[in-house]
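Listed below are the residues making up each chain.
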Amino acid sequence: QVQLTESGGGLVQPGGSLRLSCAASAPTFRTYAMGWLRQAPGKEREFVAAISWSGTSTFYGDSVKGRFTISRDNGKNTVYLQMNSLKPEDTAVYYCSADRAYDPDTVVSGLAPYWGQGTQVTVSS
């Protein structure tokens, strides 16, 4: 069983930045594809970003391309989401997700087996 713990959410003004972190309990973290999805009130869950277990392949949702960057530190069992140029429409609960696979296909589709509890991001002036 893998436990995922997100942190770094909060309130930020439009145009600002935040960095989310997701710490994983898995001792074999380097064999897990990781990613982030988000869900705003009244909306469906949306894919944000994903990264392969090696970190060499990254994927982004269209609404965040060029503004968000996903990365991982396998030595710290942690994946990060750097969010820049934040907009009010980025307001959502952000969830970390994982699957024991090289490619993050299930993470992208929202079908990965492991999820964190979520962290709230609010973009507002």
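In the block above lies the structure referred to throughout.
Residues numbered from 1 in each chain as written. Predicted model: local features only at pLDDT ≥ 70, side-chain atom pairs only at ≥ 80, totals over all residues. Heavy atoms only, no water.

Asks: Help me out: how do you make sense of the environment of Asp73 in this one?
Replies: Its location among the elements puts Asp73 in strand β7 (residues 68-73). Under the relative-accessibility criterion, Asp73 is labelled partly exposed at 28%. Between the C-alpha atoms of Asp73 and Ala112, which are 39 residues apart in sequence, the distance is 20 Å. Apart from residues no more than four positions distant in its own chain, Asp73 is found in contact with Phe29, Thr78 and Tyr80. (Helix = DSSP H or I, 4+ residues; strand = E, 2+ residues; numbered from the N terminus. Buried < 20%, exposed > 50% of the residue type's maximum accessible area, 1.4 Å probe, protein only. Contact = heavy atoms within 4.5 Å.)

Asks: What's the story with the state of the cysteines in this structure? I'm lost.
Replies: Where two cysteines share a covalent bond between their sulfur atoms, that bond is called a disulfide. What the rule picks out here adds up to one disulfide. Across a sulfur-sulfur distance of 2.1 Å, Cys22 and Cys96 are joined as a disulfide pair. Disulfide Cys22 to Cys96: torsion about the S-S bond roughly -80 degrees, handedness left-handed. Of this pair, Cys22 sits in strand β3 (residues 18-24) while Cys96 sits in strand β9 (residues 92-99), and the two are 74 residues apart along the sequence. (Disulfide = S-S within 2.5 Å.)

Asks: Honestly, the pattern of salt bridges in this entry has me stumped. Any pointers?
Replies: Side chains carrying opposite charge are able to pair once their charged atoms draw close together. By the definition in use, this model includes four salt bridges. Residue Arg38 is joined to Glu46 by a salt bridge in which the shortest nitrogen-to-oxygen separation is 2.8 Å. Assessed through its relative accessible area of 5%, Arg38 is described here as buried. Residues Asp90 and Arg67 are paired through a salt bridge, measuring 2.8 Å at the closest nitrogen-oxygen approach. Here Asp90, found in the loop between β8 (78-83) and β9, pairs with Arg67, found in the loop between β6 (58-60) and β7; they are 23 residues apart in sequence, far enough to count as distant. For Asp90, a relative accessible area of 1% translates into the label buried. (Salt bridge = Lys/Arg side-chain N within 4 Å of Asp/Glu carboxyl O.)

Asks: Help me out: how do you make sense of the packing of aromatic side chains in this one?
Replies: The description of an aromatic ring pair rests on the distance of the ring centres and on the angle between the ring planes. Tallied over the entire structure, the rule returns three aromatic pairs. Measuring from ring centre to ring centre gives 6.1 Å for Tyr32 and Tyr114, while their planes differ by 65 degrees; the resulting arrangement is edge-to-face. Of the two residues, Tyr32 sits in the loop between β3 and β4 (33-39) while Tyr114 sits in strand β10 (residues 114-115), which places them 82 residues apart along the sequence. On the basis of relative accessible area, Tyr32 is assigned to the buried category, the value being 7%. Considering the side-chain rings of Trp53 and Tyr102, the 5.6 Å spacing of their centres and the 90 degrees angle between planes classify their relative orientation as edge-to-face. With Trp53 in the loop between β5 (46-51) and β6 and Tyr102 in the loop between β9 and α1 (105-109), this residue pair connects regions lying 49 residues apart in the sequence. A relative accessible area of 30% places Trp53 in the partly exposed class. Classification of Tyr102 by relative accessible area gives partly exposed; the value is 32%. Taking NZ or CZ as reference, Arg72 lies 4.5 Å from the ring centre of Phe29, over its face. (Phe/Tyr/Trp six-rings, centres within 6.5 Å; stacked < 30°, edge-to-face > 60°. Lys NZ or Arg CZ within 6 Å of the ring centre and 35° of its normal.)

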